[in-house]
Amino acid sequence: MPEYPEVELLKQYCDSTCLHQEIESVELREKIILEEGTIKDFERGLVGRSFETTCRHGKYLFLKLDDEGWLVLHFGMTGDLQYFKGRDQEPDYVQLLIEFANGYHLGMIMPRKLGKVRQIADAGDYIRWKGLGPDVMAQDFDLQAFLNALEGRRGMIKSALMNQEIMAGVGNVYSDEILFQARVHPKAKVNDLDQVTLRRIFDCLKDILGTLVDVRLERDKLPRNYLLPVRGAGEQCPYCQGEVKNIKVSGRSAYYCSSCQKMPG
DNA sequence: CCTATAGCCTGACGGC
DNA sequence: TGCCGTCAGGCTATAG
């Protein structure tokens, strides 16, 4: 689930809960979610420190430690965070548990262990090392930056939007939403799209991702023309009553309106 | 540069 | 109810 909107909200959640508190203990329960190093070193590296600020790039959340260094969290397909008090309130599937001096805990919840955690020296270096493209919601990711990022691409537009090296933050679900509202077929080739269409995609991207954060992902607060509530095969398009279909695009499940999202040309 | 495939890991769901 | 296959919103590696 975690794409830009979810991770941005998790960042805000951290900002309002767990900053500036001394870390008393750390339990990393699954070796597989540690990107590098040993569990012992990871745990020791956090105890006695505190989180000072946070930042986000694409689907990655960075928590800055006092003194120096960062904790990076990547949520995979099922990651979430919960800040809670007593151990008796611990939710299921906590793989990383951080206990603060005030008695509260931050749990990283991950039923499928596809996420990653790691301590790093510098967030910028990490972003470069991962090869991440520009963050889609950064101020300077404007229309020109979007066009530059897609320059020379010949693959399918949905794949390009989801490619974290081209631009970081969009995943499978919201790439469908963006293309739905821009009325572009997910399999349309990037180099077949004209400037007007690319601009429409860019505008939809910014608008949709911003809106999802504004409404805090509450479905009933979304505008009525969203694909999200009817993102299932056989559902009805809120624009044209056409049929929502499911196809595979680069191995991923894509939903689109077979009537109003046409191939260009 | 791009696509397809398989794999990582495990819960939810539908069919029999 | 139980078993089994399939699918799921992440990413990576590999082969063509």
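Throughout what follows, the structure given in this document is the object of discussion. Predicted model, so just to flag it, every value in this text is computed and none were measured.

A closer look at the protein's contact with DNA strand C
Link 1 in the chain: Taken together, 18 residues lie near DNA strand C, and Lys-59, Met-77, Gly-171, Asn-172 and Arg-252 sit nearest.
Link 2 in the chain: Counting only atoms of DNA strand C within 4 Å of the protein, the fraction found in sugar and phosphate groups is 56%.
Link 3 in the chain: Between DNA strand C and Gly-76 there is a distance of 3.1 Å, counted from a sugar or linking oxygen to a backbone nitrogen or oxygen.
Link 4 in the chain: Within the side chain of Arg-112, a nitrogen or oxygen atom sits 3.0 Å from a base nitrogen of DNA strand C.
Link 5 in the chain: When residues of the surface near DNA strand C are traced back to their parent elements, those giving at least two are α6 (172-182) and β10 (252-257).
Link 6 in the chain: It is β10 that provides the largest number of residues to the surface near DNA strand C, a total of three residues.
Link 7 in the chain: Within the surface near DNA strand C, the residues separate by chemical class into five nonpolar, six polar and seven charged.

Here we look at the pattern of salt bridges
Link 1 in the chain: A complete count under the given rule lists 18 salt bridges for this structure.
Link 2 in the chain: For Glu-35, the salt bridge identified is with Lys-130, shortest N-O distance 2.7 Å. With Glu-35 in the loop between β1 (23-28) and α2 (39-46) and Lys-130 in helix α3 (residues 123-130), this pair connects stretches of sequence that are 95 residues apart.
Link 3 in the chain: As a salt-bridge pair, Arg-231 and Asp-176 come within 2.8 Å of each other at their nearest N and O atoms. In this pair, Arg-231 sits in the loop between α7 (195-214) and β9 (244-249) while Asp-176 sits in helix α6, placing the two residues 55 residues apart along the sequence.
Link 4 in the chain: Residue class for Arg-231 comes out partly exposed when judged on its relative accessible area of 22%.

Let's talk about α6
Three or four residues apart is the spacing at which side chains of an α-helix point the same way, because the helix has 3.6 residues per turn.
Link 1 in the chain: The buried fraction of α6 amounts to ten of the eleven residues, a majority that puts the element mostly inside the structure.
Link 2 in the chain: Asn-172, Tyr-174, Ser-175, Asp-176, Glu-177, Ile-178, Leu-179, Phe-180, Gln-181 and Ala-182 are the residues of α6 that are buried.
Link 3 in the chain: Where α6 is buried, its residues meet α1 (4-15), α5 (157-162), α7 and β10.

Parameters at a glance
Residues numbered from 1 in each chain as written. Chains lettered and ligands numbered in written order. Predicted model: local features only at pLDDT ≥ 70, side-chain atom pairs only at ≥ 80, totals over all residues. Heavy atoms only, no water. Near = heavy atom within 4 Å. Polar contact = N/O pair within 3.5 Å; in protein donor to acceptor, adjacent residues only side chain to side chain. Helix = DSSP H or I, 4+ residues; strand = E, 2+ residues; numbered from the N terminus. Nonpolar A, V, L, I, M, F, W, Y, C, P; charged D, E, K, R; others polar. Salt bridge = Lys/Arg side-chain N within 4 Å of Asp/Glu carboxyl O. Buried < 20%, exposed > 50% of the residue type's maximum accessible area, 1.4 Å probe, protein only. Contact = heavy atoms within 4.5 Å.

These figures capture arrangement, not role.
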